[in-house]
Amino acid sequence: AQKVTQAQTEISVVEKEDVTLDCVYETRDTTYYLFWYKQPPSGELVFLIRRNSFDEQNEISGRYSWNFQKSTSSFNFTITASQVVDSAVYFCALKGGGATNKLIFGTGTLLAVQP
Amino acid sequence: EAQVTQNPRYLITVTGKKLTVTCSQNMNHEYMSWYRQDPGLGLRQIYYSMNVEVTDKGDVPEGYKVSRKEKRNFPLILESPSPNQTSLYFCASSLLSGYGSSPLHFGNGTRLTVT
């Protein structure tokens, strides 16, 4: 069975702090894809990143970085120098290697960045 | 602008009164899907469609119907809504490419309340 676990339900930080959101996944597929989505207070879901199972290179995009480690089945997301606009619910998701595009979502982490 | 459009954004209805939530995408995507989001449960797939006239159940299909008569439209139908269908609903679409690595593009959501 496929599963995504986001153990952190809520995180509160003060602006400019660094914060890491954890994501642990389970799958038996050898080919799979991992995603992060952001859901700001306005409610829409914004795609942030996709990573396939064959690419363990870390990725950095501005203040955002992602650490993919197959050995620990984790795909963690770090925000450096957090800002109030980063306040949102963040979802990690997994897609298996079959033809279906079904995403398995974690339960989300609510990040609150205080000014 | 490439987008997935859902209507309405908000809907309050009573138990048993049939309703339809519309979803349309302008990206010529083959794949479309409906998810519901509930606190503590993340997003769960209701139905999906791989192409016109091809639909299949997701993880929580009970009480819902869908149709895919045209590529761009994928309405969600609740024949007899019940209070446990009160939720935030998202429509999503993507290309079907290779092993399904294309990210899902989500609509802005429909908040449904059934009293």
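Refer to the structure printed above.
Residues numbered from 1 in each chain as written. Chains lettered and ligands numbered in written order. Predicted model: local features only at pLDDT ≥ 70, side-chain atom pairs only at ≥ 80, totals over all residues. Heavy atoms only, no water.

A. A look at the packing of aromatic side chains. All chains considered together, the criterion is met by 20 aromatic pairs over all chains. Taken together, a centroid distance of 5.3 Å and an interplanar angle of 90 degrees make the contact between Y37 of chain A and F106 of chain B edge-to-face. Residue Y37 of chain A is found in strand 5 (residues 33-39), and its partner F106 of chain B is found in strand 10 (residues 105-106); the two belong to separate chains. Accessibility expressed as a relative area gives 0% for Y37 of chain A, which makes it buried. For F106 of chain B, a relative accessible area of 10% translates into the label buried. Of the aromatic side chains, those joined through ring pairs into one cluster are F35, Y37, F47, F91 and F105 of chain A together with Y35, F90 and F106 of chain B. (Phe/Tyr/Trp six-rings, centres within 6.5 Å; stacked < 30°, edge-to-face > 60°. Helix = DSSP H or I, 4+ residues; strand = E, 2+ residues; numbered from the N terminus. Buried < 20%, exposed > 50% of the residue type's maximum accessible area, 1.4 Å probe, protein only.)

B. Representation of unusual backbone geometry. In this chain, N7 of chain B is followed by P8 of chain B through a cis amide linkage whose omega measures -5 degrees. Looking at the element boundaries, P8 of chain B is found in the loop between strand 1 (4-7) and strand 2 (10-13). Positive phi is not limited to glycine here, since A81 of chain A has a value of about 50 degrees. Looking at the element boundaries, A81 of chain A is found in the loop between strand 9 (74-79) and strand 10 (88-95). Among the residues examined, A81 of chain A registers a relative accessible area of 30% and is labelled partly exposed.

C. Focus on the interface of chain B and chain A. Contacts between chain B and chain A engage 25 residues on the former and 23 residues on the latter. Roughly 1,900 Å² of surface becomes buried between chain B and chain A when both sides are summed, with 54% attributable to carbon and sulfur atoms. Linking chain B to chain A there are one salt bridge. If you list the elements that add at least two residues to the side of chain B that touches chain A, you get strand 4 (31-38), strand 5 (42-51) and strand 9 (87-94) of chain B. The element contributing the most residues to the side of chain B that touches chain A is strand 5 of chain B, with five residues. Looking at the side of chain B that touches chain A, its residues break down into 14 nonpolar, nine polar and two charged. (Contact = heavy atoms within 4.5 Å. Buried area = accessible area lost by both parts, 1.4 Å probe. Salt bridge = Lys/Arg side-chain N within 4 Å of Asp/Glu carboxyl O. Nonpolar A, V, L, I, M, F, W, Y, C, P; charged D, E, K, R; others polar.)

D. Main features of the environment of I77 of chain B. Mapped onto the elements of the fold, I77 of chain B is located in strand 8 (residues 76-78). Taking relative accessible area as the criterion, I77 of chain B reaches 14% and is therefore assigned buried.

E. Up close: the pairing of strand 2 (residues 10-14) of chain A. Residue and element names in this part refer to chain A. On strand 2, burial follows the alternation: I11 and V13 on one face are buried, whereas E10, S12 and V14 on the facing-out side are not. Pairing geometry for strand 2 and strand 12 (residues 109-114), over five bridges, is parallel. Within strand 12, the position partnered with E10 by the bridge is L110. (Pairing = 2+ DSSP bridges.)

F. Geometry of the environment of F68 of chain A. Within the secondary structure, F68 of chain A is located in strand 8 (residues 64-69). Ignoring sequence-local partners within four residues, the contact set of F68 of chain A consists of Y25, Y32, L34, R51, N52, S53, D55, E56, N58, S74 and F75 of chain A.

G. Representation of the state of the cysteines. Under the defined criterion, the tally for this structure stands at two disulfides over all chains. The residue that forms a disulfide with C23 of chain A is C92 of chain A, at a sulfur-sulfur distance of 2.0 Å. Taking the torsion about the S-S bond as the criterion, the C23 of chain A to C92 of chain A disulfide, at about -65 degrees, is left-handed. Note that C23 of chain A is positioned in the loop between strand 3 (19-21) and strand 4 (24-26) and C92 of chain A in strand 10, a separation of 69 residues in sequence. The side chain of C23 of chain B participates in a disulfide bridge whose partner is C91 of chain B; the two sulfur atoms lie 1.9 Å from each other. Across the S-S bond of C23 of chain B and C91 of chain B the torsion is about -75 degrees, and the bridge reads as left-handed. A residue pair is termed long-range when its members are at least 10 positions apart, and C23 of chain B in strand 3 (residues 19-25) and C91 of chain B in strand 9 qualify at 68 residues. The buried category is assigned to C23 of chain B, whose relative accessible area is 3%. (Disulfide = S-S within 2.5 Å.)

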